[in-house]
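# Breakdown of the fold
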Amino acid sequence: MDHTAPIFKIVKQALIIKKNPFPWTKAICAGFCAAIPAFIGLLTGNLAYGMQAGIGGFTFLYVFNEPYAERAKKLFWVMIGLSLSVGIGTILAPYTLLSALMVGVIGALGTFIFGALQIPGPAAVFFVLCFSMTAGMPIDPTLAPLRVGLVLMGGLLSWVIGMVGWLFNPHAPETRAVKKVYLELACFLDSIGTKNYNQARHRSVMQMKNTDDILLAGYISWRSTDLYNRLILLNHHANDIFLYVIERFTEQSRKLPPELVAAVRGIVNSIDDKKDMQIHIRQPVEMDEDIDQLFRKIFDADAILNEPVSKINQEIKIFKRPLRTVFGGAFDKNSVVFLSAVRYGAILAIAAIVAYSFDFYRSYWIPLSCAAVMLGSTIVSTFYRAIQRTLGTIIGILAASIILSAKPQGIFIVLIIFSLTTLTELYIVRNYALAAMFITPNALLIAESSTHVHKLSIFAAARMTDVLIGCFIGLIGTYLTGRRSASSRLPHAMAKTIRSQMQYVQALFSEQSKGFSFEKIPAQSKMHTNLDNLKIIYTTALGEISNNKNALGELWPAIFSMEQLRFYLDACLKMKDRPILPDESLAQVLFVFESMASAVENKRSVVKKKIPEITGFSKIQKEIADLQNALGEKHFNK
C-alpha cells in the first residue's frame, strides 16, 4: 500500500489555484497605504520612521465589502489596536516572558472579537505582527509614544483611503446586496417546477439573511438617508414576495410565466439612486388568482422607489442586537468562538516562549508564522496553510535574493514596497502560497532597509528557520487541541439550537406574545447565536482528521432545515397578525421540538410525531416536519 499518496493529495489540494477575480482596487490601495508613509519618510530624510508609519498601513487590509458606516468604525478600532500593539510591545520588549504571554493575550482577544462579531479578514494576525516585530526594533520603552504616533498616522491614511468611496456612493455595499437579493429571487421563481427548487430556495434565504446583516450594519441611528430607507423597504418586500411564493408554489407546481421572472430582474436595473426610471412590466396573458397577486407584489416592489419620503420613514423599523448580547452569546464554554480564541492564544504564547527562549535571529517570525498558519479554521486547512507558507517563503527568499542583490536605494525601495504589497493582495485571493512569495521579499526588504544590515544570508536563513518552527508549532498545537473537538460538540450544539427554536416558537404563538414589541423577544437573539455557533461547529467538524464525512454529510439536511426555519420565524416575528395557537396544539409543537432535541443529544434517531396545523404559516409547519424527517435516520459521529 502506498502511504505517500494521501500526502501528495493534500499537497496538491493545498496548491490549487482558485479562480477568484483579482481585487485590483483593494490591491492598489493597499500598495499606496504601505508605500506613501515610506515615501514621506524618504522625503523628510528618515526612511526608518516612514517604515514604522507604514505599519499602520496594515489597517487597510481589514477593508471588505461592508457598509461604510461599519467600515468607518472597524478601521478606526483596527488603527487603534495596531497602534496599541506596537506601544505595548515596545514597553514590554525588555521582558521576554511577559512579552510571550502578551502575544497569546492579543491573539486570543483579537480572535474572540472578530469571531463574535463575524468580521471576515485576517483577524488577530496583524495585531500579533505589530506587537511581535517590536522585538526586532531597538529596545527602548521610552520610544513607545513616538512609535504609537507613527503607526496612528499610517493608520489614519489607510482610514481615509478606505473611506474615499463614501464620497461618491455612500450606500454602494447596501445597494449591491439588495440587487443580489432580487437576482436570487428571480432565479428562485425560475426554479419553480424544476429539480433546482430546493437549491434555489436555500440560496435565496442565505442571500436575504446576508443582506439583512449588511443593511443592519449600515444603519446609523442619528442619520438616515432616503436611499437607505428605500433599500430597507425593498429588502422587506423581497422577503414578502419570497414567503408568498413559498406558501403557494412548490417544486411540483407548474412553471411560472417568464414575464414574472423578467419583471423581478428588471427591478435590479432600477435599484440605483443615479437613475430615475420605472421598469415596464409585461403582464402575463394567462393568470390565476395566485399569479395575479404575485404579479401585483412584484409591481409594488418597483413602486417603493417612488414612494414619498414621509411615508417611507413611517414604515422603517430597525433593531440591532446589542453588543453585550453578541459577546455574551460568544462567551460560553461550548462556544466555538470562545474555545478557538483560547486555543489560538495558548498555542501562540507557547510559540512565543519558544522563540524568545532560544537565540533565534528575528525571533518574532516564529509566533507570526504560527499565527498565520492557525488562521485556518480546521486542522486540514491549518495543514494547507503550513504547506503554502513554507513553499511560498522558499520562493520568496529566492526573489528577495535577486531584489536585494541590486541594493535598491531611495525611491526604488518605495516602488518595490508598493509593487510587492499590491501583488500580495492580488494573489492572496487565489492561493496563500502565491501571496507568501511576495510577503517574504517585502518583509526582508523592510528589515534590511530599516536596519541597514546588508547580510541577506542572515535574513534568509532566519526567515526560513523561523517559518518552519512556527508552522510546526501551529500544526502540532492545532492537531492536539482541535482534531476532534468540533465533532464531539456537534450533538450538544444541535440540541441547543433546536431547543432555542422551540422557545422562539413558544414566544411567537403563545398568549404571552400579545403586547410583545418587535425587538423584545430574547428567544430570537438566543436562537441566532446558537444556530451561528452550530454552523461554525459543523464546518469545523468537516475539516477534522479521522471523522466520518458520510455521517456528517447526512446531518446537512437537518442544518439546512434549521436555517430555513430561522428565516420563517424571523419573518413571522415582523407580522402583526400572528395566530395564537391553542394550548393543546402549542404543547404538541413544543413536544415535537423537545423530542428532536433529546434524541439528538443522546445520539438516537428521531421518532416522527404529529405536527399540529399552524394556521396561515404552513411553511413553518412543513419545515418542522422536514427537520424531523432529516433527523429520523441520522447517526452522529461517535
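First, a word on scope: everything that follows refers to the structure included in this document. Since this is a predicted model, take the numbers as computed values, not measurements.

### Considering the overall build of the chain
Assigned secondary structure in the chain consists of 25 helices and zero strands. In the chain, which comprises 638 residues, the share counted as buried stands at 53%. Within the chain, contacts between residues at least 6 apart in sequence are counted, and of these 80% link residues at least 24 apart.

### A few points about unusual backbone geometry
Phi is positive for Q118, which is not a glycine, with a value near 55°. If you trace the backbone, Q118 turns up in the loop between α5 (96-116) and α6 (125-132). Judged by its relative accessible area of 47%, Q118 is partly exposed. Positive phi, close to 50°, is recorded for A123, a residue that is not glycine. Mapped onto the secondary structure, A123 falls in the loop between α5 and α6.

### As for the packing of aromatic side chains
Using the criterion set out here, one finds 18 aromatic pairs in the structure. Look at Y62 and F126: their rings are 6.2 Å apart centre to centre, the planes differ by 75°, and that puts the pair in the edge-to-face class. Taken together, the residues span a long stretch of sequence, with Y62 in the loop between α3 (47-54) and α4 (68-92) and F126 in helix α6 at a distance of 64 residues. Judged by its relative accessible area of 0%, Y62 is buried. Ring centres of Y62 and F127 lie 5.8 Å apart, and the angle between their planes is 55°; this geometry places the pair in the tilted category. Separated by 65 residues along the polypeptide, Y62 in the loop between α3 and α4 and F127 in helix α6 bring together distant segments of the chain.

### Overview of the packing of helix α8 (residues 172-191) against helix α11 (residues 258-270)
Interaxial distance between α8 and α11 falls to 8 Å at its minimum, and their mutual angle equals 170°. Between α8 and α11, the crossing angle belongs to the class labelled roughly antiparallel. Contact residues: K179, Y182, L183, L185, A186, C187, L189 and D190 in α8; L260, V261, V264, R265, I267 and V268 in α11.

### Things to note about the packing of α4 against helix α7 (residues 144-163)
As a packed pair, α4 and α7 sit with axes 9 Å apart at the nearest point and diverge in direction by 160°. Classified by the angle their axes make, α4 and α7 are roughly antiparallel. At the point where α4 passes α7, the crossing takes the right-handed sense. Here the contact of α4 with α7 is composed, by residue class, of 16 nonpolar, six polar and two charged.

### Some words on the nonpolar core
Residues Y182, F242, L294, M494 and I620 are the most contacted members of the largest nonpolar core, which totals 94 residues. Among the elements that take part in this core, helix α10 (residues 226-248) stands out by supplying 13 residues, more than any other. If you look at the next biggest cluster of nonpolar residues, it comprises 47 residues, including A30, L82, M137 and I347.

### Some words on a nonpolar patch on the surface
A surface patch of nonpolar side chains, amounting to about 590 Å² of accessible area, comprises F39, I40, L43, I411, F412 and L415. Contributions of two or more residues to the nonpolar patch are made by α2 (24-43) and α18 (411-427).

### Overview of the environment of L143
Within the secondary structure layout, L143 lies in the loop between α6 and α7. The class for L143 is partly exposed, based on a relative accessible area of 27%. It is 8.4 Å that separates the C-alpha atoms of L143 and G87, two residues lying 56 residues apart in sequence.

### Side note on the side chain of S191
On the secondary structure map, S191 appears in helix α8. When near neighbours in sequence (up to four residues on either side) are disregarded, S191 contacts N196, Y197 and A200.

### Structural notes on the environment of S253
Position of S253 among the secondary structure elements: in the loop between α10 and α11. Taking the C-alpha atoms as reference points, S253 and I192, 61 residues apart in sequence, are found 6.5 Å from one another. If we skip the residues at most four places from it in the chain, S253 touches I192, G193 and R248.

### Points about the side chain of S83
Within the secondary structure, S83 sits in helix α4. Among the residues examined, S83 registers a relative accessible area of 2% and is labelled buried. Excluding anything up to four places from it in sequence, S83 contacts V148, V151 and L152.

### A closer look at the pattern of salt bridges
Enumeration according to the criterion identifies 16 salt bridges in this entry. Where D290 meets R248, a salt bridge forms, and the shortest distance between an N and an O atom there is 3.7 Å. One end of the pair, D290, is in helix α12 (residues 289-303); the other, R248, is in helix α10, with 42 residues separating them in the sequence. Residue D290 is classed as partly exposed on the basis of its relative accessible area of 27%. Taking relative accessible area as the criterion, R248 reaches 39% and is therefore assigned partly exposed. Look at the salt bridges and you will find they share partners, linking D532, K535, E563 and R566 into a network.

### A few points about helix α25 (residues 618-630)
Between its first and last C-alpha atoms α25 spans 18 Å; for 13 residues at 1.5 Å apiece the expected length is 18 Å, and the two agree. Residues K619, I620, E623, I624, L627, Q628 and A630 constitute the buried set of α25.

### Details of the environment of L542
Residue placement: L542 occurs in helix α22 (residues 522-542). For L542, a relative accessible area of 31% translates into the label partly exposed. The spacing of L542 and S487 is 55 residues in sequence and 8.3 Å in space, taken between C-alpha atoms.

Each value, and the rule that gives it
Per chain, residues are indexed from 1 in the order of the written sequence. Predicted model: local features are reported for residues with pLDDT of at least 70 only, side-chain atom pairs are reported and counted for 80 or more only, and whole-chain, interface and lining totals are derived from all residues. As a convention, hydrogens and water are excluded, and side-chain values are obtained from all of the structure's heavy atoms. Helix and strand definitions follow DSSP, with helices as H or I runs of at least four residues and strands as E runs of at least two, each counted in order from the N terminus. For every residue, the accessible area obtained with a 1.4 Å probe (protein chains only) is divided by the maximum for its type, and the residue is called buried under 20%, exposed over 50%, and partly exposed between those limits. The contact definition used throughout considers only heavy atoms, calling two residues in contact when any of these lie within 4.5 Å. Centre distance within 6.5 Å is the pairing criterion for rings of Phe, Tyr and Trp, where only the six-membered ring of Trp is used; planes under 30 degrees apart are then read as stacked, over 60 as edge-to-face, and the remainder as tilted. Angles shown run from 0 to 180 degrees and are taken between the N-to-C directions of axes, each axis being a line fitted to C-alpha atoms and, for helices, limited to the stretch in contact. Roughly parallel covers angles under 35 degrees, roughly antiparallel covers those over 145, roughly perpendicular covers 65 to 115, and oblique covers all other angles. Crossing handedness is defined as follows: a turn of the near helix away from the far one that is anticlockwise and smaller than a right angle gives a left-handed crossing, while the clockwise case is right-handed. The classification used treats Ala, Val, Leu, Ile, Met, Phe, Trp, Tyr, Cys and Pro as nonpolar, Asp, Glu, Lys and Arg as charged, and all other residues, Gly among them, as polar. Think of a nonpolar core as a cluster: buried Ala, Val, Leu, Ile, Met, Phe, Trp, Tyr and Cys residues, connected wherever their side-chain atoms sit within 4.5 Å. Note on patches: the residues involved have over 30% relative accessible area and no salt bridge, like charges join within 9 Å, and the nonpolar side chains Val, Leu, Ile, Met, Phe, Trp and Tyr join within 5 Å. Note on areas: Shrake-Rupley, 1.4 Å probe, and residue coverage restricted to the protein chains presented here. Think of a salt bridge as a Lys or Arg side-chain nitrogen and an Asp or Glu carboxyl oxygen that are within 4 Å of each other. In this scheme, a helix's expected span is set at 1.5 Å multiplied by one less than its residue total.

In short, geometric facts, not functional conclusions.
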